[in-house]
Amino acid sequence: MSKYPDPSSRSAQLFERAKHVFPDGSTRRTVTFDPYPLYAVSGRGCMVMDADGVERIDFINNYSSMIHGHSHPKIVAALAQQAGKLMAVGMPTESDIDLAELLVARLPTVEHVQFCNSGTEAVMLAVKAARAYTDRPRVARVEGAYHGAYDFENVMLPCNDVERALQLLEANKAELAGIIFDPIIGRLGFAELTPAYIRALRSWTRDNNKLLIVDEVFSLRIDYHGAQARYKVEADLTALGKIIGGGIPIGALGGRKEIMAVFGDGSAHPKLHHHGTYNANPLAMTAGKVSMEMLTADEIARINALGERLVQGIAKILKDADAPAKAQGVGSMVAIAPINTPFTDRVHREMLNRGVLMMARITTDSQKREQRLKEARDFFIQCFARD
Ligand code: PMP
């Protein structure tokens, strides 16, 4: 196996080419790391092969979207059949209704759906819907959480600090359309919001006629009925993406009919018009339906148990090595979190050289990086340093 980094590797050469056409050689920051990213050529099941022919176990699975692994035969067959019939068309198709019905059946808080093309768009639609519904401009969000690439006017709430969050909500009440949160925060190593915090945000929104948006773009995979079932929270709006497209780009917003009526209320002039050349694209609808049907309650339980086994295994290794880090996560979502030490590339790099592909450390642009690392570090210290 060629050792990473290797300036003579094909991946290193591809990165040199990429620098001529992309700023810093990147068109997707999350998959770019120093000194050069590995370029993928093919995948099968849990394995992915890079441009130098090295195969690794893929623990990223395209940030959750490939929940059944790469090139699952049933999804490939359904896609091939659909591609032969229709790839995109300026008409609705039955497949739109099929996938929407599946989502409505699985998520009790979702009565109506609007499809889009990414989690970012789903969050954007949620924010637009909340603004239109309440006629207020801002949406509060929880510090440390990622909700995609769309920038919206917000109020930042401290994570899991009920008292301070409520103070900030009260102080900004007049401007707020609602609150968005992700119950399992990926960027904080799949840290959970506490039940008390979730309850407080739900009560406050209800008492003040604001909307509660649950971002389930990532967390939907945790339970057959989504994270909102696991954390017993009733969402007004739910942002969806990733797994519901079976690996093909997708996003969706779901919610109660009465709120989703901002997109259509029987009148000629609803508050919002939802457009998009690729909305409800037949390839995404088809792959999504096959994929979600395979993701049964038993399958979710199976992969959650695998995740728990992984946490225990890593925890033992870290303990035996007396390493300043923790294995943590929820079900099938697992992270290694440093304690009292800065994040470094070392674990990521060593794992690459041992046949394992995992998410690189949390990086944004270089100015923000140090601040984000400090915040994340403080958070982990707060959570784990005591035990
Ligand atoms: N919300 C959450 C919680 C996410 O994890 C992500 C993607 N990692 C997004 C939104 C954005 O989704 P996308 O990358 O499909 O735009």
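Remember, it's a predicted structure, so these values are computed and weren't measured experimentally. (Residues numbered from 1 in each chain as written. Predicted model: local features only at pLDDT ≥ 70, side-chain atom pairs only at ≥ 80, totals over all residues. Heavy atoms only, no water.)

What follows is about the site of the ligand. Every residue lining the ligand is accounted for by Ser118, Gly119, Thr120, Tyr146, His147, Gly148, Asp182, Asp215, Val217, Phe218 and Lys242. In the environment of the ligand, an oxygen atom lies 2.6 Å from a nitrogen or oxygen atom belonging to the side chain of Thr120. A distance of 2.8 Å separates a nitrogen atom of the ligand from a polar side-chain atom of Lys242. Summarising the interface, the protein chains cover 81% of the accessible area of the ligand, which totals 400 Å² for the free molecule. In the shell around the ligand, the residues fall into three nonpolar, five polar and three charged. (Near = heavy atom within 4 Å. Polar contact = N/O pair within 3.5 Å; in protein donor to acceptor, adjacent residues only side chain to side chain. Areas by Shrake-Rupley, 256 points an atom, 1.4 Å probe, with all protein chains shown as cover. Nonpolar A, V, L, I, M, F, W, Y, C, P; charged D, E, K, R; others polar.)

Let's shift gears to the sheet that holds strand E5 (residues 138-142). Strands sit in the order E4-E12-E11-E10-E7-E5-E6 across an open sheet of seven strands; the sheet is mixed. In this open sheet, the two strands that pair with only one neighbour each are strand E4 (112-116) and strand E6 (154-157). Strand-to-strand twist across the sheet, computed as the mean angle between neighbouring axes with direction ignored, equals 20°. Its contacts with the sheet place helix H3 (residues 94-106) against E4, strand E11 (237-241) and strand E12 (251-255), and it is angled at close to 125° to E4. With respect to the sheet, helix H5 (residues 162-171) is in contact with E5, E6 and strand E7 (176-181), its orientation differing from that of E6 by roughly 160°. (Pairing = 2+ DSSP bridges. Helix = DSSP H or I, 4+ residues; strand = E, 2+ residues; numbered from the N terminus. Axes fitted to C-alpha atoms, helices over the stretch in contact; angles between N-to-C directions. Contact = heavy atoms within 4.5 Å.)

Looking now at the side chain of Arg221. With respect to the secondary-structure elements, Arg221 resides in the loop between strand E10 (211-215) and helix H7 (227-230). At 3.0 Å, the side chain of Arg221 and the side chain of Ser332 are in polar contact. If we ignore the near neighbours within four places in the chain, the residues touching Arg221 are Ser64, Ile67, Ile243, Ile300, Ile303, Ser332 and Met333.

Here the focus is the confidence of the model for the protein chain. Of all residues in the protein chain, 93% have pLDDT values of 70 or greater, and the mean over the chain is 93. Of all the helices and strands in the protein chain, helix H12 (residues 366-384) carries the lowest mean pLDDT, 55, while E11 carries the highest, 99. Across residues 363-367, where pLDDT falls below 50, the model places four contacts with residues more than four positions away in sequence or in other chains. (pLDDT = per-residue confidence, 0-100.)

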